[in-house]
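Listed below are the residues making up each chain.
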Amino acid sequence: MAQKTVIASGKGGAGKSSLVAGLGGALADMGKRVLLIDGDIGLRSLDLILGCAENTVYNWADVILGRCAPEKAPLPIGNLFLLTAPLRDAPAFTPDAMRALVAHYDAFFDHILIDAPAGVERGFQLAASAAQNAIVVSTPDAVCVRSAAAAVDELYAMELSPVLLVINRFKAQPVAKRKLLNIDQVIDSAGARLIGIVPDDPDVTYRAAMGKPVLPESPAGMAYLRIAKRIEGEKIPLKHLDKM
Ligand SMILES: Nc1ncnc2c1ncn2[C@@H]1O[C@H](COP(=O)(O)OP(=O)(O)OP(=O)(O)O)[C@@H](O)[C@H]1O
Ligand SMILES: [Mg+2]
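Residues numbered from 1 in each chain as written. Chains lettered and ligands numbered in written order. Predicted model: local features only at pLDDT ≥ 70, side-chain atom pairs only at ≥ 80, totals over all residues.

### Looking at the overall build of the chain
Along its length, the chain carries ten helices and eight strands. A compact globule built from 244 residues would reach a C-alpha radius of gyration of about 18 Å, and the chain, at 17 Å, matches this within 12%. Expressed as a percentage of the 244 residues in the chain, the buried residues total 50%. The contacts of the chain with a sequence gap of at least 6 include a subset with a gap of at least 24, amounting to 77%. (Helix = DSSP H or I, 4+ residues; strand = E, 2+ residues; numbered from the N terminus. Rg over C-alpha atoms; globule rule 2.2 N^0.38 Å. Buried ≥ 20, exposed ≤ 12 C-beta atoms within 10 Å, placed from the backbone. Contact = placed C-beta atoms within 7 Å.)

As structure tokens, then:
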């Protein structure tokens, strides 16, 4: 049985898709079988981040609508698999249909990571409906943290558990100068247990622009690996924030 995790944020641009790609890559590098599902109907991005936009043939709507056998739809990219999102919404995309979709892959993967769209409405609800647990991503600014808290509440209301928190784009300097919230303030406001902190790292954007995975030795790459290890049950202490 796969561990089925939705990655959500509330506010757009918090770093959900980057985390799905980076965390998925780290889990795959640890030898896990990983399927990434892009849940962002109409605004998919994982195919670009992973550098396979030209190669995608099927998306998950083709499976739900019976146009493609489930086993033919995921695209292999290195040691990962991607099921990309359709370009348009359809009434056939219901929570039950999403659960049936994910069930096709349950036995074949260790982890299924579902990239939710921004917001807490229909697309978010659909993405979350197929998951058992969640990671909410927030940057350390007050607006993003408030929307993360709304997402955490919605996910608990949908009975997902656990709902964990990743603080993304952390910079030690502005926190020290009190321009951004500190780690405790983000955790208290978001209302979820922290599973990792990803530093602000330009490599994330540069590598995505090239359609290449982040380098494992980059600050973000190392942070993704630490989160992957914690997910796998290893006890990895939080890194000293002044060294980020
Ligand atoms: N740790 C990081 N350091 C620096 N830049 C980052 C980091 N994480 C994400 N970014 C950048 O932030 C931007 C938004 O990231 P991303 O697309 O992953 O967010 P998202 O939450 O999926 O957005 P959307 O809500 O539009 O789906 C991208 O340009 C990405 O490269
Ligand atoms: Mg995204």
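### Points about the packing of helix α6 (residues 142–157) against helix α8 (residues 183–190)
Orientation of α6 relative to α8, taken along the N-to-C sense of each, is 40°, at an axis distance of 8 Å. Comparing the axis directions of α6 and α8 gives the class oblique. Contacts between α6 and α8 pair V145, A148, A149 and V152 from the former with V186, S189 and A190 from the latter. Looking at the contact of α6 with α8 residue by residue, the classes come out as six nonpolar, one polar and no charged. (Axes fitted to C-alpha atoms, helices over the stretch in contact; angles between N-to-C directions. Parallel < 35°, antiparallel > 145°, perpendicular 65-115°, else oblique. Nonpolar A, V, L, I, M, F, W, Y, C, P; charged D, E, K, R; others polar.)

### Quick notes on the sheet that holds strand β8 (residues 193–199)
The pairing of strands in a sheet happens through backbone hydrogen bonds and is either parallel or antiparallel. Strands sit in the order β3-β4-β2-β5-β1-β6-β7-β8 across an open sheet of eight strands; the sheet is mixed. Strands at the two margins of the open sheet, each flanked by one partner only, are β3 (75–77) and β8. Strand-to-strand, the axes of this sheet are offset by a mean angle of 25°, without reference to chain direction. Across five bridges, the pairing between strand β6 (residues 133–138) and strand β7 (residues 163–170) is parallel. Paired with I135 across the bridge in β7 is L164. (Pairing = 2+ DSSP bridges.)

### Focus on the site of ligand 1
Near ligand 1 there are 20 residues, and of these G12, G15, S17, S18 and T205 occur at the shortest range. When contributions to the shell around ligand 1 are tallied by element, the ones reaching two or more residues are α1 (16–29), β7 and α9 (202–209). Residues of the shell around ligand 1, tallied by class, amount to six nonpolar, nine polar and five charged. (Near = placed C-beta within 6 Å.)

### Describing the pairing of strand β1 (residues 3–8)
Within a regular beta strand, the side chains point alternately toward one face of the sheet and then the other, so they alternate between its two faces. For β1, the buried fraction is high: five of the six residues fall into the buried class. By the bridge criterion, five bridges tie β1 to strand β5 (residues 111–115) in an arrangement that is parallel. Bridge pairing in β5 links V6 to I114. Across four bridges, β1 lies against β6 in parallel orientation. Considered in β6, the bridge of V6 is made with A134.

### A closer look at the environment of P174
With respect to the helices and strands, the residue P174 is situated in helix α7 (residues 172–176). For the pair P174 and P140, spaced 34 residues apart in sequence, the C-alpha to C-alpha distance is 9.9 Å. If we ignore the near neighbours within four places in the chain, the residues touching P174 are K179 and L180.

### Focus: the environment of A148
Inspection of the secondary structure assignment puts A148 in helix α6. Sequence separation between A148 and V137 is eleven residues; the distance between their C-alpha atoms is 6.9 Å. Excluding residues that lie within four positions of it along the chain, A148 makes contacts with S9, G10, V136, S138 and A190.

### Observations regarding unusual backbone geometry
Along the chain, S161 connects to P162 via a cis peptide bond; the corresponding omega equals 0°. Examined against the element boundaries, P162 turns out to sit in the loop between α6 and β7. Here the phi dihedral of E159 falls at roughly 70°; this positive angle occurs in a residue that is not glycine. Take E159: there are 7 C-beta atoms within 10 Å of it, and that puts it in the exposed class. Not every positive phi belongs to a glycine, and R169 is a case in point at roughly 60°. When you line up the elements, R169 lands in strand β7.

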